[in-house]
Amino acid sequence: MSTQAMETPRKLSLRSYLMLGILLPVVLFIVLDTVVLYSQALEAVNTAYDRTLLASAKSIGERISANGEAEEAQLSAAVPYAALEVFEADNRSRMMYRISNTRGELIDGFADLRAWHGSLPQHGPYAALVDFYNDVYRGDPVRVAVLLQPVAVQNARVMAVVQVAETLELRRTLARQILINTLLRQLALVSVIALVVFVVVQRATKPVRQLSEQLRQRRVDDLTPLQMADAPTELLPLMDATNTTMSRLKDLLDNQKRFVRDTAHQLRTPLAVLKVQVQSALRGDVEHQQALQEISHTVQRATLLANQMLSLAKVAQLAQEHPDPAQSLDWALVLREVALDLSPLIAEQELDFDIQTTHASIQTHDWMLRELTRNLLHNAIRYSPRGGRLHLRLTRDRRWATLVIADSGPGISDELRKRLFQPFSAGQASSGSGLGLAICLEITRTLGGHIELVNREIQGQRDGLDTIARLPLAASTVATQRVN
């Protein structure tokens, strides 16, 4: 199969669609109007020429006389053919006549013109006894007018049948001329309409072509908003939607660039350290057991760093792909499940652990809520001293769900508080990658909440740190509370 055969059929452009949508109904209407006008003009022509035939029949009827009495009367007429010349329009038509009695017996005229055997119309256009019909005379189509002419005789009246026929050459010629003139006028009208529509459509679609050209000439990495001061109102929604999409793409690309930059920067150090440790172990500079422990510690830190960086990238990806999650989760249930997963670490630290929760429905992604809870709780366990206190309390009000994680660690300084939520800003350089709180901050921002760290003091002395995370309740929960 050829490449051309596999190509998708090209769809109509907006300009072609508008041209067809406007011109096609106009052309169809004009064609219908032309047929109607031609039919009406032909009817008018037939009516005019039928009057001529009727005038001829009446002229002949005036020349009929009768001799005798009543039913025995004999009809006679002396009508020279020259008497009909006055009614002939030109030499393109010929007229014939026939005079007969009611029994069809020929009195005068053309014998090969067939006698009339029809009936008079009930409500004709004429007051006289007149009928019109089409017939054939010597192989030529003709139009025939029939006049029932009363003729006075002694003590009575008898009826004569006058038929006048005319060939149709002149009528057809005139009808063709009317049709040609009508078509020429309609063609001129269609041409004017097509020209006007073409000009209007060209001007109406000019902003679309300008916008297309503006996008085509942009650089690959140019995602700045579109600017068209003279754009029509109908094009503004498209431009707004395009600018919104480009803004999302810019954020996505910025996140990817930052992820690649940070990954390259942060992974370079543990990989370099790992290389040195492996070379040192190969040379025998350190004991094998110590070398394996050092290598294991370096790999563990690199793994943690890679996982957390992937988590940070996943937060940005979910925020871009699903900005409005439809799933509602109970934060209390998630909190207890995460606490159960981390219970070995809590037991290892011999912490005085306590948890208090209330139902709090959050509209979120399952992964985001679990990652937020896990990072906050894991961070608190890490900085809590052995045998210290660790209390978890989840409450809610009319709009917010609030998680407070109270540890008995050393707290944080004001200088560290300013940069602790920034990527790669760990409280202790040797204790982590510095991405945990950055991930938590991104998640809470994505879900429309906020997070803060507050030192807990007793009599002017630090007694630990409260990590406070607030997330908005799901819309259904807020509505239920308002009803209650």
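Quick caveat, the model's predicted, so the values are computed rather than measured.

Account for the overall build of the protein chain, naming residues and giving values.
Counting secondary structure elements, the protein chain contains eleven helices and 14 strands. Sorting the 484 residues of the protein chain into buried and exposed places 37% on the buried side. Across the protein chain, every contact between residues at least 6 apart in sequence was considered, and the portion connecting residues at least 24 apart equals 65%. For the protein chain, the accessible surface area stands at approximately 29400 Å², while carbon and sulfur atoms represent 55% of it.

I'd like a rundown of unusual backbone geometry, residues and numbers included.
Positive phi values are uncommon outside glycine, yet arginine 138 reaches one of about 55°. Note on arginine 138: relative accessible area 63%, which makes it exposed. Positioned with a positive phi, glutamate 350 is a non-glycine residue whose angle comes to about 55°. Among the structural elements, glutamate 350 can be located in the loop between helix H7 (343-348) and strand E9 (352-356).

Please provide a residue-by-residue account of the pattern of salt bridges, values included.
Note on pairing: side chains with opposite charge can pair once their charged atoms come close. For the structure shown, the criterion picks out 15 salt bridges. Here arginine 103 and glutamate 105 are joined by a salt bridge, their closest N and O atoms 3.5 Å apart. Of the charged contacts, one joins glutamate 166 and arginine 171 as a salt bridge, the two residues approaching to 3.7 Å between their closest N and O atoms. A single salt-bridge network, built from bridges that share partners, covers Asp50, Arg143, Glu166 and Arg171.

For the environment of asparagine 243, give the residues involved together with the corresponding values.
Following the sequence through the fold, asparagine 243 ends up in helix H4 (residues 236-283). Taking the relative accessible area as the measure of exposure, asparagine 243 reaches 18% and is therefore buried. The sequence separation of asparagine 243 and glutamine 227 amounts to 16 residues, and the corresponding C-alpha distance is 9.5 Å. If we ignore the near neighbours within four places in the chain, the residues touching asparagine 243 are Pro225 and Leu226. Among the polar contacts listed, one links the side chain of asparagine 243 to the backbone nitrogen of leucine 226, at a separation of 2.6 Å.

Break down the sheet that holds strand E12 (residues 400-407) for me, citing the residues and quoting the values.
Ordered in space as E9-E11-E12-E14-E13, the five strands form an open sheet in which the pairing is mixed. The sheet is open, and its two borders are formed by E9 and strand E13 (450-458), each paired with just one other strand. With direction set aside, neighbouring strand axes in the sheet form an average angle of 15°. By the bridge criterion, eight bridges tie E12 to strand E14 (residues 461-472) in an arrangement that is antiparallel. The partner of threonine 402 across the bridge, within E14, is arginine 470. Set on the sheet, helix H6 (residues 331-341) makes contact with E9, strand E11 (389-396), E12 and E14; between it and E11 the angle comes to about 165°.

Rules used in this analysis
- Residues numbered from 1 in each chain as written.
- Predicted model: local features only at pLDDT ≥ 70, side-chain atom pairs only at ≥ 80, totals over all residues.
- Heavy atoms only, no water.
- Helix = DSSP H or I, 4+ residues; strand = E, 2+ residues; numbered from the N terminus.
- Buried < 20%, exposed > 50% of the residue type's maximum accessible area, 1.4 Å probe, protein only.
- Contact = heavy atoms within 4.5 Å.
- Areas by Shrake-Rupley, 256 points an atom, 1.4 Å probe, with all protein chains shown as cover.
- Salt bridge = Lys/Arg side-chain N within 4 Å of Asp/Glu carboxyl O.
- Polar contact = N/O pair within 3.5 Å; in protein donor to acceptor, adjacent residues only side chain to side chain.
- Pairing = 2+ DSSP bridges.
- Axes fitted to C-alpha atoms, helices over the stretch in contact; angles between N-to-C directions.

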